[in-house]
Structure formats: C-alpha cells, structure tokens
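Analysis of the macromolecular model
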Amino acid sequence: MQGLESAWHSLHTIDELAFKKSIIHQLPSVIKLGVTLVFLVSVVTFPAEDIAGLMMMWVYPVLMISLADLPWLFLLRQMMVMAPFALMIAIWNPWMNQEPGLILGSLMVTQGWISFASIMLKFGLTVLSGLILIATTGMEGVCTALLRLKVPQVFVTQLLLLHRYIMVLMDEAGRVVRAYQLRAISGEGIQYRAWGSLLGQFLLRTMDRADRVYLAMRLRGFDGEIRLLRAERFSSASVLFLVGWCVFFLLARFCNIPYLLGEWLTGGWR
Amino acid sequence: MHMADALISPAVGRTMWAVAAGALVCSAYKVRQELDEKKVPMMGVLGAFVFAAQMINFTIPGTGSSGHLGGGLILAALLGPYAAFLTMVSILTVQALFFADGGLLALGCNIVNLGWMSCFIAYPLIYKPFMRQPSQRKIFWGAMIAAVSALQLGSLGVVLETWISGVSQLPPGLFALLMQPIHLAIGIVEGLITAAVISFVWKARPEIVERTVSGEPYGPISLRPVLTGLLIAALVIGGGLSWFASTHPDGLEWSIFHASGQEELETEGGIYQTLARWQEKIAFLPDYGFRQSPKADESVQVETAAWPSVNGGTTVSGLVGGALTLMMAVILGLGIQWCKRRSA
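Nothing here was measured: the structure is a model prediction, and the numbers come from that model.

Structural notes on the overall build of chain A
For chain A, the count of helices and strands is 12 helices and two strands. Relative to the globule expectation of 18 Å for 270 residues, the C-alpha radius of gyration of chain A, 24 Å, shows a markedly less compact shape. Within chain A, the proportion of its 270 residues that are buried is 44%. The contacts in chain A between residues at least 6 apart in sequence include a share of 75% that link residues at least 24 apart.

Encoded structure:
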C-alpha cells in the first residue's frame, strides 16, 4: 500500500480521469467491464513460453490509453508501485528451472527466465487493464455495471459509500498523524503506547461521523438504497466494441501473429 | 499479501471467485434480512476508516521497522461477521481497482485470504469465545490470537493458490517456509494494534464492543457462508480443472493420449473414460509449468512439443515478430494522440 499522501493523490487523479469525455468514456460501463474481463482471462491463459504472442495483447492498453486520452506516465507509475510484489514471487523461477528454453546463437536462455519474463509482462498487462477500466468508467460506472450484473444492492451501496468517504477519512487520518508527529519527540511512526488511543480516538470519531451521515441521509429520504442514474444506452458501436475486442483477443491468443510476422520477415535470412 | 493476476491460473481465479461470490451473496442476504439502515453508512464509513488506518505507520518497539493494521478483525468486532465481510470485500475491490493492489481475476483469492478467513474463521471460532465475559486480558488475547491465526490462514491460502496455479515454480514447501514466519511477525504486530484499538474502544464505549459480540446487530453467526463457500469450491474445482486443461492444449493432448492409450478404457468408454481423463488432468496439475526432467518416452515428446523454440531460426522469428508487434502498438498509440492533437 502507498503512503497516505500518494494514495490520496492517486485516488483523486483517477476520479478526475473518469470525468473525461472521450469515446471510450462514453461507452456503457458493463461493456467496458466485459471487455476487461475477457482481456484478463486471455492474458492469464497465455502459455508461459509464448512471449512473442503476448506482445500482441499490448495493442489493447496502448489503443485504449490513446483513445481515452489517459496520462501514460501516471498509469506506468501506478503499475511500478505494485511491481515489486510480482517480482518477489516471479524471481524464483529462474532459480527453480534451469532447463534450456531458447537458444540465440551462443546465448542460452533458460525456461525459468522465459517464464519470469512472461509473469512480468502479464503483470503489466493485467494491472494496466484494471487501471484503464477504472480511469475510463469511474466508481459509479463500475457500480452501475455491477447492478446490471445482479450483484446484491447492499454490496453496491457499500462500495459507493466507501468510495465517497475514503477521501474524507484519509484527510482526517492525515491530520491525526500530523498532529501526533508535531508533538512526538522522535520518528515518523506512532509509538507503541499511543497505538490504541490514537487509532481508537480516530475510530470513535469515525463512528460519530457515521451517525451524523446517517441522520443527514435520513433527512434526504434515504431508505437503505442508493439510486444510480442508469442512462446507459447500448448503441451498435458499443456492441461492435465488445465483439471486436473479443475477436481480437481470441485471434491473438490462438494464432501467434507476431511469430508469423517474424517468420515472414526473417524468411530470407533463414 | 494481495495476489496479482499474473501469478494465478484462470481455474484457481475462477474457483476462488465462486467461493467469494457465494459468501458475498450469503452475507448480503443476511445483512439485508436484518437490515438496520443505520448500519449502511456505518459500514461505508468504517470501511473508509480501515482503508485510511492501513496507511498509518506504527513503530514496532525495539526495531526500526513499522507495522500496519489489517482491518478484517476490527471490522468483525465492530460490525459482526456478515457486514464486516461485505466491508472487507469493498475495501479489497477499491484496492484492486484504484491501486492495482491485487488483480481483478485474483480478487476472489484475496477476498478469501484476507476477508473470509478473518470474518468467518478467526472471528467466530477464536475471538468470539474469548469475549463471552470480556475483560482487558481476554480482549488482548482474543484479538491477538485471532489476528495471528487469520493471517497465518491467509498466507497459507496464498501458498496453496500459487502452488495450484503453477505459474510460479517455487516449491510449495519452500514458499510456505518463507511466507508463514514473515506473516507470523506481521500477524503479531497486527494483533497488537487490533488489541490496543479494541481495548481502547471497550474502555471508552463498552457498549460498542459488547453489543456486537452478543450478536445483537445481526443475530448469531451461522455456518452458512462457510458451508456455501466450501460447497461451491468443491463444485467449481472440477469445472475449473477441465477449463485449465483446455487452455493448455498440450496438457489436454497429453492426458487424452494417456487416457485413450489404454485399450480397456476405449472399449468401456463413457463415464469411465471421462473419469480417467479427469484423473489424468488432476495428476498433471501439480506438474504444470515446465516439467523438469522427463522420465518416460512420452514425456519427452510432450516436452519438445511444449517447447518448440529450442531452435535458432524459430527463436529469431518470435523475437523479431514480438518486438515488431510491440513497436507497431506503440506507434499506433502515438499516431492516435498526434491525430487528436492536430484536430483539437
């Protein structure tokens, strides 16, 4: 998890990105969710040795980021923050499998290194596609899609409320920690003796806030359900978007196009 | 401890999704049934609290490092297991969507490892019995043991799911040996933070802690979500395995070759053949990835079929083609942006 400030910044940036008006942003949320899921499954099912084939899948994030006008550097930074976790598990593969996998002149690459590269590539693709989904759809869009998919209303309401209050409570946590640090003698972290009282006070204040929130919601007619505006229309373009990507993913998954391309190009050399 | 999409197989992802979805629907039903409208904003705001509190660094005495709050157990102690589970799922969903902390396919795994274990195992089986007649000491040990066991179970879940997925080639024993002690240390710190917070709340407002334990908000805990989860897992594992095999044609061919290579099976056909094929698939599973040293002749054939690229020429084709594809994708993206800028 990132620190309070950088997490606050990430959330804020993604929320703002979701308000853009590109052609991708205007597609129905359930279509985007569907395409993302098909993409994820296709990427994860790629065999470890088929790195060339996996390259074809990069067309999706690249196209989506360009069409939706998303900031490249921000998305890559978000991806890099989480990379160490995948790296920690993938890095063992080269040690565990030293069978030859690929021979390039005098250079021999082991199967372990190939599967390592495959894991890292898949990590990049899956993380980017998730970020693209939320940055083009927004939390309300995702919740609308979940409701359409018959996810229980209680859970969707919970997701919406959580999203609305995260920023508020992160601000508050930031203030609590800053107040502590200004009074503390040493270090950034909270000392053992203050663990219970600091977090406990914060928790009690949060619960009081929840009571006030509830009263305010009651006054505005809350009956246990938050209603979302579901004005999404399934145009023929959106169906084409869904079908087009699905066909592309299947093609990329089952015909190794980059390999065929490479064979065609290096045919003379061979 | 959040698992990434790149490290799991679709079969494992799908199975865990089904388990998580089953428990989610069950909990949603239970919360809905005994709905206290007041709990709706409480769940949302407490979820946001845990989210924010997870980012606060707590200095561990005697060391330079810091620990963090996990949250599952505090939520269960304050909201009851069902509402806490829904809240944990929502937290994990936001973490996956906004922070790429755990992938979308792996969300089911993360829900089971981090939410289900603490709400439906550690809370009712460990924390709750300690809290029958709460005292300072009982709260401390109840929270501590429950937090440590929830985290141990969760990290064991990570080891098992990673091993069954077969993407990482780390042997499960070694992986467990790495994971469990680290998560014991993390669990102890988490347990201390949880115990400190619950003790503080109990001293300041005892009714909050006691009301939940006495089962007032949502009634006594039933085993339904646990059993539903296990049942769905059992049902889906079968389907999951068959899908797993079909996504790796070499595995399917290998198992079919074995299954149909035996004459009796061919004549018996039907269900026996299917069962035998299943058995082969299950037997193949732990060895998925790249099988190490081939033992029999057939395995050698499969080995070479699965790795067609130990050949200079084909390797070059793959590399050139792959690099070119990536380059074309980037050029395509840059082209679209250039066109947009011109038209703007």
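Structure shown, so let's carry the discussion forward.
Observations regarding the interface of chain A and chain B
Taken together, the contacts link 102 residues of chain A with 91 residues of chain B. No other element matches the 15 residues that helix α9 (residues 153-183) of chain A contributes to the side of chain A that touches chain B. Taken together, the residues of the side of chain A that touches chain B sort by class into 66 nonpolar, 28 polar and eight charged.

Here's the deal with the domain arrangement of chain A
All names here are of chain A. Entries for chain A in the domain assignment read domain 1 (1-149 + 233-265) and domain 2 (152-231). Put simply, the middle of domain 1 and the middle of domain 2, counted by C-alpha atoms, are 32 Å apart. Of all the elements, helix α8 (residues 111-148) adds the most residues to the side of domain 1 that touches domain 2, at six residues. Tallied by class, residues from the side of domain 1 that touches domain 2 come to eight nonpolar, one polar and one charged.

Considerations on the environment of Gly44 of chain B
Mapping Gly44 of chain B onto the fold places it in helix α2 (residues 39-53). For Gly44 of chain B, a count of 26 C-beta atoms within 10 Å translates into the label buried. Gly44 of chain B sits 103 residues away from Ala147 of chain B along the chain, and the two C-alpha atoms are 22 Å apart. Each residue touching Gly44 of chain B, except ones within four places of it in the same chain, is listed here: Gln158, Leu161, Leu162 and Tyr165 of chain A.

Description of the environment of Gly173 of chain B
Within the secondary structure, Gly173 of chain B is located in helix α7 (residues 172-204). Each C-alpha atom of the pair Gly173 of chain B and Val159 of chain B lies 8.7 Å from the other, and the pair is 14 residues apart in sequence.

Details of the packing of helix α1 (residues 10-33) of chain B against helix α5 (residues 107-130) of chain B
Residue and element names in this part refer to chain B. Axis separation between α1 and α5 bottoms out at 7 Å; the angle between their running directions is 50 degrees. Taken together, the axes of α1 and α5 lie oblique to each other. Mapping the contact onto sequence places Val12, Gly13, Met16, Trp17, Val19, Ala20 and Ala23 in α1 and Gly108, Cys109, Ile111, Val112 and Trp116 in α5. The residue inventory of the contact of α1 with α5, partitioned by class, reads 10 nonpolar, two polar and no charged.

Section: unusual backbone geometry
All names here are of chain A. Phi is positive for Asp69, close to 60 degrees, though the residue is something other than glycine. Residue Asp69 is classed as partly exposed on the basis of its C-beta count, with 19 C-beta atoms lying within 10 Å. We note that Lys150 has phi near 65 degrees; this positive angle belongs to a residue other than glycine. For Lys150, the location among the structural elements is in the loop between α8 and α9. Judged by the 8 C-beta atoms lying within 10 Å of it, Lys150 is exposed.

With respect to the confidence of the model for chain B
Residues and elements named next belong to chain B. Looking at chain B, pLDDT values average 74 and 68% of them are 70 or higher. Per-residue pLDDT stays below 50 along residues 217-221; that stretch engages in 16 contacts with residues further than four places along the chain or on separate chains. The low-confidence segment residues 278-310, where pLDDT is below 50, has 42 contacts with residues more than four positions distant or belonging to other chains.

Let's talk about the pairing of strand β2 (residues 107-110) of chain A
Residue and element names in this part refer to chain A. Both strand β1 (residues 100-104) and β2 contribute to a ladder of four bridges, which runs antiparallel. Paired with Ile103 across the bridge in β2 is Met108. The hairpin turn running from β1 into β2, its antiparallel successor, is two residues long, and Gly105 in that turn takes a positive phi close to 60 degrees.

Quick word on helix α3 (residues 29-45) of chain A
Taking 1.5 Å of rise per residue, 17 residues should cover 24 Å, and α3 of chain A covers 25 Å from first to last C-alpha, within 8% of that figure. Burial analysis of α3 of chain A places 12 of its 17 residues in the buried class, the great majority of the element. Listed in full, the buried residues belonging to α3 of chain A are Ser29, Val30, Ile31, Lys32, Leu33, Val35, Thr36, Phe39, Leu40, Ser42, Val43 and Val44 of chain A. Residues of α3 of chain A that are buried make contact with α5 (59-68), α8 and α11 (236-254) of chain A together with α1 of chain B.

Some points on the environment of Arg77 of chain A
Residues and elements named next belong to chain A. When you line up the elements, Arg77 lands in helix α6 (residues 72-90). Residue Arg77 is classed as exposed on the basis of its 12 C-beta neighbours within 10 Å. For Arg77 and Gln111, which are 34 residues apart along the polypeptide, the C-alpha to C-alpha distance reads 29 Å.

Reading guide: rules and limits
- Residues numbered from 1 in each chain as written.
- Chains lettered and ligands numbered in written order.
- Predicted model: local features only at pLDDT ≥ 70, side-chain atom pairs only at ≥ 80, totals over all residues.
- Helix = DSSP H or I, 4+ residues; strand = E, 2+ residues; numbered from the N terminus.
- Rg over C-alpha atoms; globule rule 2.2 N^0.38 Å.
- Buried ≥ 20, exposed ≤ 12 C-beta atoms within 10 Å, placed from the backbone.
- Contact = placed C-beta atoms within 7 Å.
- Nonpolar A, V, L, I, M, F, W, Y, C, P; charged D, E, K, R; others polar.
- Domains from an automatic or database assignment.
- Axes fitted to C-alpha atoms, helices over the stretch in contact; angles between N-to-C directions.
- Parallel < 35°, antiparallel > 145°, perpendicular 65-115°, else oblique.
- pLDDT = per-residue confidence, 0-100.
- Pairing = 2+ DSSP bridges.
- Expected span 1.5 Å × (residues − 1).

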